[in-house]
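# Close look at the chain arrangement
Below are the chains, spelled out letter by letter.
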Amino acid sequence: QVQLVESGGGLVQTGGSLRLSCAASGIIFSPNAMGWYRQAPGKQRELVARITSGGRTDYADSVKGRFTISRDNAKSTVYLQMNSLKPEDTAVYYCNYRRLLGGTWNGIDYWGQGTQVTVSS
């Protein structure tokens, strides 16, 4: 079992920045991917960014150039630096830990509780 503890959400004005962190504990699988998904009211949960234990990254088109994902494998922690935030980035952000199966992004998911990010206009 994997436990995820998130931190760093909050309220920020348009154009501002926030940094999310998520630490994993418990059974750590390799290879794995850690990342962030978000869900706005009335919308489906969507990928924001993810990074494998080997450093491969994947971003949603809507955040490319504004968000940067990174991780510290020694601490089993993933970070999401969010810059130039927009009101449409407002959502609950969920940390995801995926035990990867094979050489693709497919795998078994574990989820954090979620942290609210609100961007005011």
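Preceding block: the structure.
First, a word on scope: everything that follows refers to the structure included in this document. Every chain's residues receive numbers from 1 upward, in the order its sequence appears when written. Side-chain atom pairs in this predicted model are given and counted only at pLDDT of 80 or more, local residue features only at pLDDT of at least 70, and totals for whole chains, interfaces and linings cover all residues. For side-chain calculations, the full set of non-hydrogen atoms in the structure is used, while hydrogens and water are omitted.

### Things to note about unusual backbone geometry
Cis peptide bonds are those with omega within 30 degrees of zero, and the linkage from Ser 30 to Pro 31 qualifies with 5°. Mapped onto the secondary structure, Pro 31 falls in the loop between β3 (18–26) and β4 (32–39). Residue Ser 76 is not a glycine yet carries a positive backbone phi of 50°. Only DSSP runs of H or I covering at least 4 residues are called helices, and only runs of E covering at least 2 are called strands; the numbering of each starts at the N terminus. Along the chain, Ser 76 falls in the loop between β7 (67–72) and β8 (77–82).

### So, the pattern of salt bridges
By convention in these notes, a salt bridge is any Lys or Arg side-chain nitrogen within 4 Å of a carboxyl oxygen on Asp or Glu. In total, this model carries six salt bridges according to the counting rule given. The closest approach of N and O atoms between Glu 46 and Arg 38, which form a salt bridge, is 2.8 Å. Across the salt bridge formed by Arg 66 and Asp 89, the nearest N and O atoms sit 2.8 Å from each other. Here Asp 89 lies in the loop between β8 and β9 (91–100) and Arg 66 lies in the loop between β6 (57–59) and β7, a separation of 23 residues in the sequence. Residue Arg 66 is classed as buried on the basis of its relative accessible area of 11%. Buried, partly exposed and exposed residues are distinguished by accessible area as a fraction of the type maximum, computed with a 1.4 Å probe on protein chains only: under 20%, between the cut-offs, and over 50%, respectively.

### A short note on empty space enclosed by the protein
Cavities and pockets are defined on a 1 Å grid built over the protein atoms alone: a cavity is a set of grid points where a 1.4 Å probe fits but cannot escape, while a pocket is an open set with protein on both sides within 12 Å along at least five of seven lines, and lining residues are those with an atom within 4 Å of any such point. Grid points are joined across faces, edges and corners, and a volume is the space filled by probe spheres set on the points. Tallied over the entire structure, the rule returns one cavity of 30 Å³ or more. In this structure, the largest cavity encloses a volume near 30 Å³. Lining the largest cavity are Ala 33, Gly 35, Tyr 37, Arg 50, Asn 96, Arg 98 and Trp 105. At the level of secondary structure, the elements contributing two or more residues to the lining of the largest cavity comprise β4 and β9. It is β4 that contributes the most residues to the lining of the largest cavity, three residues altogether.

### Some thoughts on the side chain of Asn 32
With respect to the helices and strands, Asn 32 occurs in strand β4. For Asn 32, a relative accessible area of 3% translates into the label buried. Note on contacts: a residue pair qualifies if any of its non-hydrogen atoms lie within 4.5 Å across the two residues. Once residues within four sequence positions are removed from consideration, Asn 32 is found in contact with Ile 51, Thr 52, Ser 53, Arg 71, Tyr 97, Arg 98 and Leu 100.

### With respect to the nonpolar core
Considering soluble globular proteins, one finds that nonpolar side chains tend to be buried as a cluster. Nonpolar core, defined: a set of buried Ala, Val, Leu, Ile, Met, Phe, Trp, Tyr and Cys residues in which side-chain atoms within 4.5 Å join the residues together. In this structure, Leu 4, Trp 36, Leu 80, Met 82 and Tyr 93 are the most contacted members of the largest nonpolar core, which totals 29 residues. Looking at this core, the elements with two or more residues in it are β1 (2–7), β3, β4, β5 (46–52), β7, β8, β9 and β11 (115–120). Discounting residues that sit within four places of it in the chain, Tyr 93 has contacts with Glu 6, Leu 20, Trp 36, Tyr 37, Arg 38, Val 48, Phe 67, Met 82, Gly 114, Thr 115 and Val 117.

### Here we look at the pairing of β8
Burial analysis of β8 places five of its six residues in the buried class, the great majority of the element. Think of it this way: DSSP has to see at least two bridges between two strands before they count as a pair. Two strands pair when backbone bridges link them, and β3 and β8 are joined in this way by six bridges, in the antiparallel orientation. Bridge pairing in β8 links Cys 22 to Val 78. Bridging between β7 and β8 involves six bridges; their strand directions are antiparallel. Bridged to Asp 72 within β8 is Thr 77. With antiparallel pairing between neighbouring strands as the criterion, β7 and β8 make up a hairpin whose turn holds four residues, including Ser 76 at a positive phi of roughly 50°.

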